[in-house]
Amino acid sequence: MFLFLPLWISDIGTIVTILGFAFTIWQIYKIQDTTSKIEEEVKSTQSKIQKVLAISDLSKSSETIKIIYSYLKEGNYEMAHAKIMEINDIIIEIKEVPALKNLNHINRLEDYGKFLANDLKKLQDSIIIRQGPVDKDTLVAISNDLREISDLFAKINAQLKHNNDD
């Protein structure tokens, strides 16, 4: 029965197969294009989220620095030490955010992180070794470093907010 089918039916089958294959290739291309666009949008969204989180951390840090000042003034050095550790963590986190690498002031964070680590060591020595009040020079150094870090955070925060508006 199938032996007597006209040859043009086989030609139509070949054309349909070729068109189906071309359509499949076109669909694959569209899917790849859509996937790459989605990946770009995901990266852009991640970058925006990281910037918003950085703005939040930087905004909270100014209040934390005020708390540190009050702890130092009251002689509550253990709590001041713990809060300085929070500021140190913020510095570490912000330095590692890829979306922030191109900011003007970000490279200065490395230096301030070192200053803060030195302040933490001095404070820790005073708490553990001397178990008494922290000497005035150490308090002045910590206060100066915190003020400079606060100023730097404010500059980075302003730059982030300005860049976020664009």
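This one's a predicted model, so the numbers in the text were calculated from it and none came from an experiment.

Caption draft 1: Seen up close, the overall build of the protein chain. The secondary structure content of the protein chain amounts to 4 helices and 0 strands. Reading the secondary structure of the protein chain in the N-to-C direction produces α-α-α-α. On the principal axes, the C-alpha backbone points of the protein chain span a range of 110 × 35 × 20 Å. The buried share among the 166 residues of the protein chain stands at 29%. With the model as given, the accessible surface of the protein chain reaches about 11,300 Å², and the carbon-plus-sulfur share is 60%.

Caption draft 2: Layout of the side chain of His81. With respect to the helices and strands, His81 occurs in helix H2 (residues 77–95). Filtering out sequence-adjacent residues up to four positions away, His81 remains in contact with Leu120, Leu123, Gln124 and Ile127.

Caption draft 3: Here's a closer look at helix H1 (residues 7–74). Here H1 is 68 residues long and its end C-alpha atoms lie 99 Å apart, about the 100 Å a rise of 1.5 Å per residue gives. Buried within H1 we find Lys51, Ala54, Ile55, Asp57, Leu58, Ser61, Thr64, Ile65, Ile68, Tyr71 and Leu72. Phi turns positive, to about 85°, at Gly75, one or two residues after H1.

Caption draft 4: Local environment of H2. Look at H2: 27 Å from first C-alpha to last across 19 residues, which is about the 27 Å you get at 1.5 Å a residue. For H2, the set of buried residues is Tyr77, Ala80, His81, Lys83, Ile84, Ile87, Asn88, Ile90, Ile91 and Ile94.

Caption draft 5: Representation of the side chain of Asp145. Structurally, Asp145 is set in helix H4 (residues 136–165). Buried Asp145, no salt bridge; nearest opposite-charge side chain is Lys122, N-O distance 6.5 Å. Once you skip the residues sitting within four places of it in the chain, Asp145 turns out to touch Phe115 and Asp119.

Caption draft 6: How the structure looks around the nonpolar core. If you look at the biggest cluster of nonpolar residues, it comprises 34 residues, and the most contacted ones within it are Leu72, Ile87 and Leu123. Listing elements by their share of this core, those giving two or more residues are H1, H2, helix H3 (109–130) and H4. No other element matches H4, which puts 8 residues into this core.

Caption draft 7: Here's a closer look at the packing of aromatic side chains. The final tally for this structure, using the stated rule, is 2 aromatic pairs. Arranged with centres 5.8 Å apart and planes meeting at 45°, the rings of Phe23 and Trp26 form a pair that is tilted. With Phe23 and Trp26 both in helix H1 and 3 residues apart, the pair spans about one turn of that helix. Judged by relative accessible area, Trp26 falls into the partly exposed class, the value being 45%. Ring centres of Tyr112 and Phe115 lie 5.7 Å apart, and the angle between their planes is 80°; on these two criteria the pair is classed as edge-to-face. With Tyr112 and Phe115 both in helix H3, this residue pair falls 3 residues apart, about one helical turn.

Caption draft 8: Just the environment of Ile68, in detail. Along the chain, Ile68 falls in helix H1. A relative accessible area of 0% means that Ile68 is categorised as buried. When the C-alpha positions of Ile68 and Asp151 are compared, they lie 15 Å apart, and in sequence the two are 83 residues distant. In this structure Ile68 touches Ala80, Lys83, Ile84, Ile87 and Leu146, once residues within four positions along its chain are discounted.

Conventions used here
Residues numbered from 1 in each chain as written. Predicted model: local features only at pLDDT ≥ 70, side-chain atom pairs only at ≥ 80, totals over all residues. Heavy atoms only, no water. Helix = DSSP H or I, 4+ residues; strand = E, 2+ residues; numbered from the N terminus. Buried < 20%, exposed > 50% of the residue type's maximum accessible area, 1.4 Å probe, protein only. Areas by Shrake-Rupley, 256 points an atom, 1.4 Å probe, with all protein chains shown as cover. Contact = heavy atoms within 4.5 Å. Expected span 1.5 Å × (residues − 1). Lys, Arg positive; Asp, Glu negative; His and termini not counted. Salt bridge = Lys/Arg side-chain N within 4 Å of Asp/Glu carboxyl O. Core = buried A, V, L, I, M, F, W, Y, C linked by side-chain atoms within 4.5 Å. Phe/Tyr/Trp six-rings, centres within 6.5 Å; stacked < 30°, edge-to-face > 60°.

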